[in-house]
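Topology and contacts: notes
Chain by chain, the residues:
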Amino acid sequence: MPFDRSIKIAPSILSADFANFGEEIRAIEAQGADWVHVDVMDGHFVPNLTFGPPAVKAFRPHVSTFMDVHLMIAPVDPYIEAYAEAGADMITAHVEAGPHIHRTLQAIKATGKMAGVSLNPGTPLDSIEHVLDLVDMVLIMTVNPGFGGQKFIHSGVEKTRRLRAMIGDRPIHIQIDGGVTTETAPLVAAAGADVLVAGSAVFKGGSVDAPSVYGDNIRALRAAAEAALPG
Ligand SMILES: O=C(CO)[C@@H](O)[C@H](O)COP(=O)(O)O
Ligand SMILES: [Fe+2]
């Protein structure tokens, strides 16, 4: 995938109908989603449980854009290969999930997949300064991970601005995840983010029987974010 810094909307299927993932994924893509964001939770690193590698493998044939797998699991290293084989395009690991984030990112790169590193709201940017040469994306969490539908934590905006400066010209995406709405999307877009994850804000009010609502929601998020871009 060639690098580009345009705004990308990545609906989180954590807010989809769990009885109907295939159709839900096809519906959001048909309605303009750029990426599909898959939240993997282990009931240990975060207080919720979601998708193992077989579930992610079952999603894969329905994804024709880009499958972005957000691993909220610890330990993470033993499972990287399984999620790569399940068909992830990008694998993102948390810097807080183990003592050796450099090794974890090397392991992701070794699978041939794109690598992301994520920071919880309380984790400083310094923690990733020395691994930026290994990543394709930095994910700034703007909620404490574990659940959809939480309120945006505003300190993520200044963190994004500083990360943008830290990255400079390097081809590294900045992804924002948690509480992204038409009110918060402009703040993070203006600060330098290009990939906006949204669960509730995309799926609210819609369904596979009323998919145009997903399209309206995606367009509203994109328009709000793009309106905040300079020039
Ligand atoms: O990783 C996570 C939560 O841990 C997210 O991807 C959420 O699923 C986003 O949901 P909203 O905050 O947009 O509802
Ligand atoms: Fe996520």
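Residues take numbers from 1 onward in each chain, read along the sequence in its written order. A letter from A marks each chain and a number from 1 marks each ligand, given out in the order of writing. A pLDDT threshold of at least 70 governs which residues receive local features in this predicted model, and a stricter bar of 80 or more applies before side-chain atom pairs are shown or counted, although totals over entire chains, interfaces and linings include all residues.

The following threshold applies: UniProt positions are given in the numbering used here, feature names are shortened, and annotations may be inferred rather than shown by experiment.
Per an unreviewed UniProt entry, the chain goes by the name Ribulose-phosphate 3-epimerase and belongs to Roseovarius faecimaris. Comment text from UniProt for the chain, heading Catalytic activity (unreviewed entry), reads "D-ribulose 5-phosphate = D-xylulose 5-phosphate".

**Overview of the pairing of strand E5 (residues 114-119)**
Put simply, the rule is: Three exposure classes are used. Buried residues have 20 or more other C-beta atoms within 10 Å of their own C-beta, exposed residues have 12 or fewer, and partly exposed residues fall in between, all C-beta atoms being placed from the backbone. Put simply, DSSP marks the helices as runs of H or I at least four residues long and the strands as runs of E at least two long, and each gets a number from the N terminus on. Strands pair, by our definition, only if DSSP identifies at least two bridges between them. Look down the strands so they point away from you; if the path from the first strand over the helix to the second goes clockwise, the crossover is right-handed.
Burial of E5 is extensive: five of the six residues sit out of reach of the surface. Sheet topology places strand E4 (residues 90-94) next to E5; five bridges connect them, and they run parallel. Bridged to Ile91 within E5 is Ala115. For the crossover from E4 across helix H4 (residues 101-110) to E5, the handedness is right-handed. Relative to strand E6 (residues 137-141), E5 runs parallel, the two sharing four bridges. Looking at the pairing, Gly116 lines up with Met137 of E6.

**What to know about the UniProt feature "binding site: substrate" (unreviewed entry) in the chain**
Note the threshold: What counts as a contact here is a pair of residues whose C-beta atoms, placed from the backbone, lie within 7 Å.
The feature "binding site: substrate" (unreviewed entry), as given by UniProt, occupies Ser12, His70, Gly146, Phe147, Gly148, Gly149, Asp177, Gly178, Gly179, Gly199 and Ser200 in the numbering adopted here. Mapped onto the elements, Gly148 comes out in the loop between E6 and helix H5 (155-167). Here Gly148 is in contact with Ser12, Leu14, Ser15, Gly199 and Ser200, once residues within four sequence places are set aside. With respect to the helices and strands, the residue Asp177 is situated in strand E7 (residues 173-177).

**Here's the deal with helix H1 (residues 21-30)**
How we decide: The arc in question is the one spanned by the directions pointing from the helix axis to the C-beta atoms.
Within H1, burial applies to Glu24, Ile25, Ala27 and Ile28. Down the axis of H1, the smallest arc covering the buried residues is 165°, so these residues share one side. Close packing links the buried residues of H1 with strand E1 (8-11), strand E2 (36-41), helix H2 (53-59), helix H7 (200-203) and helix H8 (212-227). Following H1 by one or two positions, Gly32 adopts a phi angle in the positive range, close to 110°.

**Observations regarding the UniProt feature "active site" (unreviewed entry) in the chain**
In the numbering used here, UniProt assigns the feature "active site" (unreviewed entry) to Asp39 and Asp177. Taken along the chain, the residues just named run across 139 residues; in space they keep tight, none of their C-alpha pairs more than 10.4 Å apart. Assignment of secondary structure puts Asp39 in strand E2. With near-sequence residues (within four places) excluded, Asp177 lies in contact with His70, Leu139, Met141, Thr142 and Val197.

**Thoughts on the environment of Met72**
Relative to the assigned elements, Met72 resides in strand E3 (residues 67-72). Met72 gets classed as buried once you count the C-beta atoms within 10 Å, which come to 25. Linking Met72 and Glu96, residues 24 residues apart in sequence, is a C-alpha distance of 9.6 Å.

**Description of the environment of Arg164**
Within the secondary structure, Arg164 sits in helix H5. What makes Arg164 partly exposed here is the crowd of 16 C-beta atoms within 10 Å. Along the backbone, Arg164 and Met141 are 23 residues apart, and their C-alpha atoms lie at a distance of 15 Å. Among all residues touching Arg164, those that are not within four sequence positions of it are Ile174, Ala191 and Gly192.

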